[in-house]
Amino acid sequence: MGRHERRLGLALQRGLRGRCAACGKGRLLRNYLTPNASCSVCGEDLSRYQAADFAPYVVTFLVGLVFTPLALVLTARGASDVTLPVVLLAAVGSAVFLLPPIKGAALALLWALNETN
Ligand SMILES: [Zn+2]
């Protein structure tokens, strides 16, 4: 075990807030989605945790899970010409909003599962 206890639940909470999984203080991401190589507060090496496309997959799943049935129901009920574009904008906005916290959680998950440090 390293100098930080790797508790999964706590790490995920910190990751969702965009904070370092180790100390909960330093920023995990910069420029929207770019992971920091190390924590500016505790110095934890974060460079080896690469989430790749996991966060976009999760966000696509969640947004699709909510908005696809909604769009289908609205279409089946004869929604107005304004309703579906609004739903589409809400779906895109949700994806943009969710991507950083989900990526933070993915990086925190990798950090928490790494017992070699
Ligand atoms: Zn830290």
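First, a word on scope: everything that follows refers to the structure included in this document. Remember, predicted model here, so these are calculated numbers, not experimental data. (Residues numbered from 1 in each chain as written. Predicted model: local features only at pLDDT ≥ 70, side-chain atom pairs only at ≥ 80, totals over all residues.)

Turning to the nonpolar core, a few remarks are in order. If you look at soluble globular proteins, the nonpolar side chains tend to sit buried side by side. In this structure, Ala21, Ala106, Leu107, Ala108 and Trp111 are the most contacted members of the largest nonpolar core, which totals 18 residues. Of all the secondary-structure elements, those providing two or more residues to this core are α2 (54-76) and α3 (83-113). A per-element tally of this core places α3 first, with seven residues. In this structure, Ala108 is in contact with Ala11, Leu12, Arg14, Gly15 and Ala21, ignoring residues within four places of it in sequence. (Core = buried A, V, L, I, M, F, W, Y, C linked by C-beta atoms within 7 Å. Buried ≥ 20, exposed ≤ 12 C-beta atoms within 10 Å, placed from the backbone. Helix = DSSP H or I, 4+ residues; strand = E, 2+ residues; numbered from the N terminus. Contact = placed C-beta atoms within 7 Å.)

The next thing to look at is α2. Given 3.6 residues per helical turn, the α-helix brings residues three or four places apart onto the same face. Here α2 is 23 residues long and its end C-alpha atoms lie 33 Å apart, about the 33 Å a rise of 1.5 Å per residue gives. At Gly64, α2 shows its largest bend, some 35°. Among all positions of α2, only Ala55, Val59 and Val63 are buried. Elements in contact with the buried residues of α2: α3. Of the residues trailing α2, Gly78 is marked for its positive phi of about 70°. (Expected span 1.5 Å × (residues − 1). Bend = angle between axes of the 7 residues up to and from the residue.)

Below, the discussion takes up unusual backbone geometry. Phi angles above zero are rare outside glycine, and Asn31 is one such case at about 50°. One can find Asn31 in the loop between β1 (29-30) and β2 (34-35). In this structure, Ala52 takes a positive phi of about 50° despite not being glycine. Looking at the element boundaries, Ala52 is found in the loop between β2 and α2.

A separate point is the packing of α2 against α3. Remark: α2 packs on α3, axes separated minimally by 8 Å, with the N-to-C direction vectors making an angle of 160°. Regarding the angle of α2 to α3, the classification is roughly antiparallel. Crossing of α2 over α3 shows right-handed handedness. When α2 is examined against α3, the residues Phe54, Ala55, Pro56, Val58, Val59, Leu62, Val63, Phe67, Leu70, Ala71, Leu74 and Thr75 are found in contact with a partner set consisting of Thr83, Leu84, Val87, Ala91, Ser94, Ala95, Leu98, Leu99, Ile102, Lys103 and Ala106. Of the residues assigned to the contact of α2 with α3, the class counts are 19 nonpolar, three polar and one charged. (Axes fitted to C-alpha atoms, helices over the stretch in contact; angles between N-to-C directions. Parallel < 35°, antiparallel > 145°, perpendicular 65-115°, else oblique. Left-handed = near helix turned anticlockwise from the far one by under 90°. Nonpolar A, V, L, I, M, F, W, Y, C, P; charged D, E, K, R; others polar.)

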